[in-house]
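The chain contents come next:
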Amino acid sequence: MINVFDHYPPHAHPMAILSAMISSLSAFYPEANTAETLDLAIMYLLAKAKTLAAYSYKKSRGEPIMYPLAELSYAANFLRMMFGHPAEPYEVSPVVERALDLLLIIHADHEQNCSTSTVRMVGSTGANPYACVAAGVAALWGPAHGGANEAVLKMLAEIGKPENVKSAVDKAKDKESGFRLMGFGHRVYKNFDPRARILKKACDDVLGEMGVSDPLLDIAKHLEEAALKDEFFIERKLYPNVDFYSGIIYRAIGIPTNMFTVMFALGRLPGWIAHYREMRLERGERIHRPRQVYTGENVRKWIPLDER
């Protein structure tokens, strides 16, 4: 599989590589599609996904890959494979390791979202778990689904500097401005995002541990303070959500923006697999075939080609 990595373009997007490489696992483990081998295939997939994700990053950077170490935790192994170098020792910060572990757990499952539905849809055909998860990665890649924390960073860059936070908040309150504060409020959680409360502490811990000096992180802190004190946001319960804090944490620990969705995929992976496994082990599971209801014209006059 390392040979396959070597043939991707130097700056290929990590999500493109991750989806393709997860799909290619079915070529290496063709026996993964039976009830007897399913759990072993799931263990392979969970174990290898972090390695494939880290290799995707290293490939995009033109850096040598790092092999995993069996004695490290899942999160610590991933951090070492991402930021370590073969010629130098790499010490994993316990604070960062804990924060990454929280991020992965918090993103594990969240209703019948687009990528989860995709995994279930493909899984209903009887396809192997690698193909189904690769399809889920492709669905998650879309900016309307997995790109929310990336949008937060783009918004912070657009605000530019802490002095502009007040005007950004004022623009967000003006419906005519067309400006939205990304990472605030949630489609499902109408009061607050409970995951955000957990991540806020982890975010504060990571920023304290890393001691990074980053203009975007300064803007994020000012924006968080301004929104939490503003009556407009308080009345509408527009609190910072999980995407707001996850984007800040990822940036603080050095994960680039084009890897944010890969991190989302790693976290969501156990949830996808749980849905897939439940489907495959249930008796009588049928192929998914959503109905379409035609709402167009009932009768249309046909005009011969030579009269058009």
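It should be noted that the structure appears before, not after, this text.
What counts and how
- Residues numbered from 1 in each chain as written.
- Predicted model: local features only at pLDDT ≥ 70, side-chain atom pairs only at ≥ 80, totals over all residues.
- Heavy atoms only, no water.
- Helix = DSSP H or I, 4+ residues; strand = E, 2+ residues; numbered from the N terminus.
- Buried < 20%, exposed > 50% of the residue type's maximum accessible area, 1.4 Å probe, protein only.
- Contact = heavy atoms within 4.5 Å.
- Areas by Shrake-Rupley, 256 points an atom, 1.4 Å probe, with all protein chains shown as cover.
- Lys, Arg positive; Asp, Glu negative; His and termini not counted.
- Charge placed at Lys NZ, Arg CZ, Asp CG, Glu CD.
- Salt bridge = Lys/Arg side-chain N within 4 Å of Asp/Glu carboxyl O.
- Polar contact = N/O pair within 3.5 Å; in protein donor to acceptor, adjacent residues only side chain to side chain.
- Phe/Tyr/Trp six-rings, centres within 6.5 Å; stacked < 30°, edge-to-face > 60°.
- Lys NZ or Arg CZ within 6 Å of the ring centre and 35° of its normal.
- Core = buried A, V, L, I, M, F, W, Y, C linked by side-chain atoms within 4.5 Å.
- Expected span 1.5 Å × (residues − 1).
- Disulfide = S-S within 2.5 Å.
- Axes fitted to C-alpha atoms, helices over the stretch in contact; angles between N-to-C directions.
- Parallel < 35°, antiparallel > 145°, perpendicular 65-115°, else oblique.
- Left-handed = near helix turned anticlockwise from the far one by under 90°.

**With respect to the overall build of the chain**
Next up, step 1: Along the chain, the regular secondary structure elements total 14 helices and zero strands.
Next up, step 2: Reported as C-alpha extents along the three principal axes, the dimensions of the chain are approximately 65 × 60 × 45 Å.
Next up, step 3: Considering the chain as a whole, with its 308 residues, one finds that 44% of them fall into the buried category.
Next up, step 4: Intrachain contacts of the chain at a sequence separation of at least 6 include 76% that bridge at least 24 residues.
Next up, step 5: When the accessible surface of the chain is totalled, it reaches about 16,800 Å², and 54% of it is carbon and sulfur.
Next up, step 6: Where the 36 positive side-chain charges of the chain centre and where its 36 negative ones centre are 5 Å apart.

**Focus on the environment of Met182**
Next up, step 1: Checked against the element boundaries, Met182 lands in the loop between α9 (165-173) and α10 (194-210).
Next up, step 2: In this structure, the C-alpha to C-alpha distance between Met182 and Ala151, residues 31 residues apart in sequence, is 6.5 Å.
Next up, step 3: Those residues in contact with Met182 that lie beyond four places of it in its chain are Ala151, Val152, Met155 and Phe244.

**Some points on the side chain of Arg268**
Next up, step 1: One can find Arg268 in helix α14 (residues 260-281).
Next up, step 2: Look at Arg268: it is buried, it has no salt bridge, and the nearest opposite charge is Asp109 at 5.2 Å.
Next up, step 3: A distance of 3.4 Å separates the side chain of Arg268 from the side chain of Asn113, its partner in a polar contact.

**Quick notes on the packing of aromatic side chains**
Next up, step 1: All chains considered together, the criterion is met by seven aromatic pairs.
Next up, step 2: Taking the centre distance of 5.4 Å and the plane angle of 80° together, the rings of Phe232 and Phe233 count as edge-to-face.
Next up, step 3: Grouped by ring-pair contacts, the aromatic residues Tyr29, Tyr44 and Tyr130 constitute a single cluster.
Next up, step 4: Lying over the aromatic face of Tyr74, Lys50 brings its terminal NZ or CZ to 5.1 Å of the ring centre.
Next up, step 5: Across the ring face of Phe179, the terminal group of Lys171 is positioned such that the distance to the ring centre comes to 4.8 Å.

**A few points about the nonpolar core**
Next up, step 1: Counting residues in hydrophobic clusters, the biggest one holds 87 residues, and the most contacted among them are Leu18, Phe78 and Leu223.
Next up, step 2: When near neighbours in sequence (up to four residues on either side) are disregarded, Phe78 contacts Lys50, Ala53, Ala54, Leu100, Met259, Met263 and Leu266.

**Some details on helix α5 (residues 94-106)**
Next up, step 1: With 13 residues, α5 should cover 18 Å at 1.5 Å per step; its first-to-last C-alpha distance of 18 Å lies within 8% of that length.
Next up, step 2: Restricting attention to buried positions, one finds in α5 the residues Val96, Ala99, Leu100, Leu102, Leu103, Leu104 and Ile106.
Next up, step 3: Considering only its buried residues, α5 is in contact with α4 (74-83), α10, α13 (242-252) and α14.

**Considering the state of the cysteines**
Next up, step 1: Here the structure, examined in full by the defined rule, presents zero disulfides.
Next up, step 2: With no disulfide of its own, Cys114 has Cys132 as its nearest cysteine by sulfur position, at a separation of 15 Å.
Next up, step 3: Under the relative-accessibility criterion, Cys132 is labelled buried at 0%.

**Some thoughts on the packing of helix α6 (residues 114-123) against helix α7 (residues 129-141)**
Next up, step 1: Where α6 meets α7, the closest approach of the two axes is 8 Å, and the angle between their N-to-C directions is 150°. As judged from the angle between their axes, α6 and α7 are roughly antiparallel. Every pair of crossing elements has a handedness; the one defined by α6 and α7 is right-handed. Residue-level inspection shows Cys114, Ser115, Thr118, Val119, Val122 and Gly123 of α6 in contact with α7, the latter providing Cys132, Val133, Ala135, Gly136, Ala139 and Leu140.

**Remarks on the packing of α7 against α14**
Next up, step 1: The contact between α7 and α14 brings their axes to 10 Å, and the two run at 135°. The orientation of α7 with respect to α14, classified from their angle, is oblique. The interaxial crossing formed by α7 with α14 has right-handed handedness. Taking contact as the criterion, the partners of Pro129, Cys132, Val133, Gly136, Val137, Leu140 and Trp141 in α7 are, on α14, Thr261, Phe264, Ala265, Leu269, Trp272, Ile273 and Tyr276.

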